[in-house]
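Reading the structure
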Amino acid sequence: MWYVFCAIISLAIGGAAGYFFCNIYRKRTSEAKIGSATQQAKRIISEAINTAESKKKEAILEAKDEIHRQRTETERELRERRTEVQRQERRIIQKEESLDKKSENLEKKDEILNKKIKDADDRLSEIETVKRGQFEMLERISGYTKEQARDYLLKSLESDLTHEKAIRIMEYQQRTKDEADSLAREIISTAIQRCAADHAAEATVSVVPLPNDEMKGRIIGREGRNIRTLETITGVDLIIDDTPEAITVSSFDPVRREVARLTIEKLIADGRIHPARIEEMFDKATREVEHTIKQTGERSLIEAGVNGIHPEIVKLLGKLKYRTSFGQNVLMHSLEVSYIAGLMASELGADVKTAKRAGLLHDIGKALDHELDGSHIELGVEYAKKFKENDHVVHAIQAHHGDVEAKTIVACLVQAADAISAARPGARRENVQSYIKRLEKLEEIAMSFDGVDRSFAIQAGREIRIMVRPDAVSDDKMVLVARDIVKKIEDELEYPGQIKVHLIRESRTIDYAK
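Please read all numbers here as calculations on a predicted model, not as lab measurements. (Residues numbered from 1 in each chain as written. Predicted model: local features only at pLDDT ≥ 70, side-chain atom pairs only at ≥ 80, totals over all residues. Heavy atoms only, no water.)

**Regarding the overall build of the protein**
- Helix and strand counts for the protein stand at 15 helices and eight strands.
- The buried share of the protein, taken over its 514 residues, is 28%.
- Contacts in the protein between residues far apart in sequence, at least 24 positions, make up 58% of those at least 6 positions apart.
- As displayed, the protein offers around 36000 Å² of accessible surface, 54% of which is attributable to carbon and sulfur atoms. (Helix = DSSP H or I, 4+ residues; strand = E, 2+ residues; numbered from the N terminus. Buried < 20%, exposed > 50% of the residue type's maximum accessible area, 1.4 Å probe, protein only. Contact = heavy atoms within 4.5 Å. Areas by Shrake-Rupley, 256 points an atom, 1.4 Å probe, with all protein chains shown as cover.)

**A word on a negative patch on the surface**
- The grouping of Glu96, Glu97, Asp100, Glu104, Glu107, Asp110 and Glu111 at the surface amounts to a negative patch.
- By the secondary structure assignment, Glu96 is in helix 1 (residues 2-142).
- With relative accessibility at 45%, the residue Glu96 sits in the partly exposed group. (Patch = residues over 30% accessible without salt bridge, like charges linked within 9 Å, V, L, I, M, F, W, Y side chains within 5 Å. Salt bridge = Lys/Arg side-chain N within 4 Å of Asp/Glu carboxyl O. Lys, Arg positive; Asp, Glu negative; His and termini not counted. Charge placed at Lys NZ, Arg CZ, Asp CG, Glu CD.)

**Digging into helix 9 (residues 330-348)**
- Counted at 1.5 Å a residue, the expected span for helix 9 with its 19 residues is 27 Å, and the 26 Å between its end C-alpha atoms agrees.
- Turning to helix 9, its buried residues number three or more, namely Val330, Leu331, His333, Ser334, Leu335, Val337, Ser338, Ile340, Ala341, Gly342 and Ala345.
- Just beyond helix 9, the residue with positive phi is Gly349, at close to 75 degrees. (Expected span 1.5 Å × (residues − 1).)

**Some details on the pairing of strand 7 (residues 463-468)**
- Examined bridge by bridge, strand 6 (residues 452-458) and strand 7 share six bridges and lie antiparallel to one another. Looking at the pairing, Ala457 lines up with Ile464 of strand 7.
- Judged from the six bridges that link them, strand 7 and strand 8 (residues 500-505) form a sheet pairing that is parallel. Bridge assignment links Glu463 to a residue of strand 8, and that residue is Lys500. (Pairing = 2+ DSSP bridges.)

**Looking at the pattern of salt bridges**
- Scanning all chains against the criterion turns up 21 salt bridges.
- The partner of Lys266 in a salt bridge is Glu288, and the shortest N-O contact between them spans 2.5 Å. Of this pair, Lys266 sits in helix 6 (residues 254-270) while Glu288 sits in helix 7 (residues 275-304); the two residues are 22 residues apart in sequence, bridging distant segments of the chain.
- The class of Glu288 is partly exposed, set by a relative accessible area of 35%.
- One network of salt bridges, with partners in common, ties together Asp270, Arg272, Arg277, Glu280 and Lys284.

**Considering the pairing of strand 3 (residues 246-250)**
- In terms of burial, strand 3 is largely enclosed, as five of its five residues are buried.
- Burial along strand 3 is two-sided: Ala246, Thr248 and Ser250 and Ile247 and Val249, pointing in opposite directions, are all buried.
- In this sheet, strand 3 lies alongside strand 2 (residues 237-239) in antiparallel orientation, the contact comprising three bridges. Within the sheet, the bridge partner assigned to Ile239 lies in strand 3 and is Thr248.

**Considering the confidence of the model for the protein**
- Averaged over all residues, the pLDDT of the protein is 79; the fraction at 70 or higher stands at 85%.
- Taken element by element, the predicted model of the protein shows its lowest mean pLDDT in helix 3 (residues 198-204) (46) and its highest in strand 7 (88).
- Segment residues 191-202: pLDDT under 50, and three contacts once partners within four positions in sequence are set aside and those in other chains are kept. (pLDDT = per-residue confidence, 0-100.)

**Description of the sheet that holds strand 7**
- Strand order across the open sheet formed by three strands is 6-7-8, with mixed pairing between neighbours. Looking at the sheet topology across the chains shown, the edges are occupied by strand 6 and strand 8. Sheet twist, expressed as the average angle between the axes of neighbouring strands with direction ignored, equals 20 degrees.
- Packing of helix 15 (residues 475-492) onto the sheet brings it into contact with strand 7 and strand 8, and relative to strand 8 it is tilted by some 150 degrees. (Axes fitted to C-alpha atoms, helices over the stretch in contact; angles between N-to-C directions.)

**So, the nonpolar core**
- With 32 residues, the main nonpolar core has Leu301, Ile309, Leu317, Leu320, Leu360, Leu361 and Ile364 as its most contacted residues.
- For this core, the elements supplying multiple residues, two or more each, are helix 7, helix 8 (311-319), helix 9, helix 10 (352-361), helix 11 (376-386), helix 12 (391-399) and helix 13 (409-423).
- Ignoring sequence-local partners within four residues, the contact set of Ile364 consists of Ile313, Leu316, Leu317, Leu320 and Gly380. (Core = buried A, V, L, I, M, F, W, Y, C linked by side-chain atoms within 4.5 Å.)

**A few points about the side chain of His395**
- Following the sequence through the fold, His395 ends up in helix 12.
- The class of His395 is buried, set by a relative accessible area of 15%.
- If we ignore the near neighbours within four places in the chain, the residues touching His395 are Glu405, Ala406, Lys407, Thr408 and Ala411.

**Here we look at the environment of Asn329**
- Examined against the element boundaries, Asn329 turns out to sit in strand 5 (residues 328-329).
- Assessed through its relative accessible area of 23%, Asn329 is described here as partly exposed.
- When near neighbours in sequence (up to four residues on either side) are disregarded, Asn329 contacts Leu320, Lys321, Arg323 and Thr324.

**Things to note about the layout of surface pockets**
- Taken as a whole, the second largest pocket holds about 330 Å³ of empty space.
- In terms of lining residues, the second largest pocket is bounded by 19 residues, among which Val255, Glu290, Ile293, Lys319 and Glu371 are the most central.
- At the level of elements, helix 6, helix 7 and helix 8 are the ones that each hand at least two residues to the lining of the second largest pocket.
- When residues of the lining of the second largest pocket are assigned to their parent elements, the largest contribution, six residues, is made by helix 7.
- Split into classes, the residues belonging to the lining of the second largest pocket amount to nine nonpolar, two polar and eight charged. (1 Å grid on protein atoms, 1.4 Å probe; cavity = no way out; pocket = protein on both sides within 12 Å on 5 of 7 lines; lining within 4 Å. Points joined across faces, edges and corners; volume = space filled by probe spheres on them. Nonpolar A, V, L, I, M, F, W, Y, C, P; charged D, E, K, R; others polar.)

Below, the structure is given as C-alpha cells:
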C-alpha cells in the first residue's frame, strides 16, 4: 500500500515536472519564432523604404525631364510665333508704305483728271458754239431749216438702206443656200430622231393581234430568247406593252415590217414558238412576200398597159405597194401618174406608151431609198439605166421634180401628172374644205402687205403669184416684201412640202395715135 502510494506520488510529480519543462520549451520556441518574424518584418520594412526612396528619386528625375522638355518646346513655339509676328509686322509695314504711295499717285491722277475734265468742258462749249454757227450757216446756204434737212436726209438714207438691205438679203440668201445642204441634213436627222408624229407611227408600225395575253409570254420566250431571235432575223423592233392582246412591229423598211408581221402570224397559228421554228416561218413569210411583190408588180403593168419591163424593175414596182409618201400609197400614185400622163399625151399627139411607162416608173427609186444611199431620183435613174430603159424614160425620172430642166414632152407630161396626182384635193389626206381654206388663207396673207395689187394661188397651193404696184414697191423693196411674205406664211400656215412665192412688178404705158 505504501509502495502504491509512493508510486502514485512519483507519477504525479513526474507529470508536473514534464508539463513544466514542456511549457518552458514551447515558450522558448515561440520567443524564437517571434524574434525571427520581427527581424523579417524589419527587413521587409527596410526594403520597402529603400524601394520607395528609389522610386521617389526616379519620379523626381522624370518630372524634372518632362518639365525641361515642355519648357524647351514652349520656348521654341514662342520663338516661332515671335518670328511670325515680326514677319507679319514687316508685311503690314510694306503694305502701308505701298498704300501710301498709291494714295499719293491717286491724288496726282485725280488732279490731272480734274484738269482734263475742265479742259474738255471748255472745248465742248467751244465746239457747241462752233456747231451752232455751222448750223446757222448751213441753214442760210441750203435754204432748209434743221427739221427740213433732217427729213430730207432720212428719206435719202431710207432709200439707200432699202437698196443696201436688198443686196445684203440676196447675199445672205445665197450664202444660206450654199451652206444649206449640210445644215439641212443635220436638222433632218435630229428631227427624225425626235419626231413622234402620228404619220411616223402610221408609216412605220404594224399591229399584230394575239388570241390571248398568254401568247405574249410565249413570243418573248424563256429569258427573252424567242423575241431576240425574231428581232435578229427580221431586223425589226417588237414592242410588247400594256396593249391587251396585241404586239407592235416597228421598222422604217415596209417590206421588212410586212415579213415580220407574216412571220408572227404564222407562228401564232402554228403554236410552236422556238428559234428553229422562227427561222422556218421567216423563210416561208419571205417567200410569200416576194411572191406577192412580184404579182403586184405584174398586175400594175397590166393595169397601166405597159410591157417589156425588166423583171427586177417589176419587183421594185411591187415593193411600192408597201411604201407611202405623205399618206399616199406610192404604187397607186405611180399608176395614177401613168394614167394622167397617158391621157395628156394622147390629147397632144405625143408618144402615149412612153408617157405611161415614164409615169409608172418615175418614183421607182422610192423602193430603194430605205436600202441604199441617195435620193429616190438618183436611185431611180441609176436602176433605169442599169436595166436599159429608154433615154426618154430615164430623163423623165430625172426631171420629174424639176431638179434638171425638162427637155422632152414626155418629161414635161410626167412632171405635170406627178404634181396633179400629189397635190389634188384628197390625195394626201386633206379634204376639199381644208384645201380651199388653205388656198384662201395663202392669198389673204399676200394681200395683207402694202403695195400688193393682186395674188393668185396656183399649182394646187405650191406657188403663189403676187402682182405689186410699181409706184409703191421698187425693185429693191421686192426682195424685202418677198422675204416678209415668206416669213408670215411660215408662221401662220400649215402646208405640205414648200410654197414658191413669186413677185411680179410690171410697168405699162398705153397711148393712142389719133
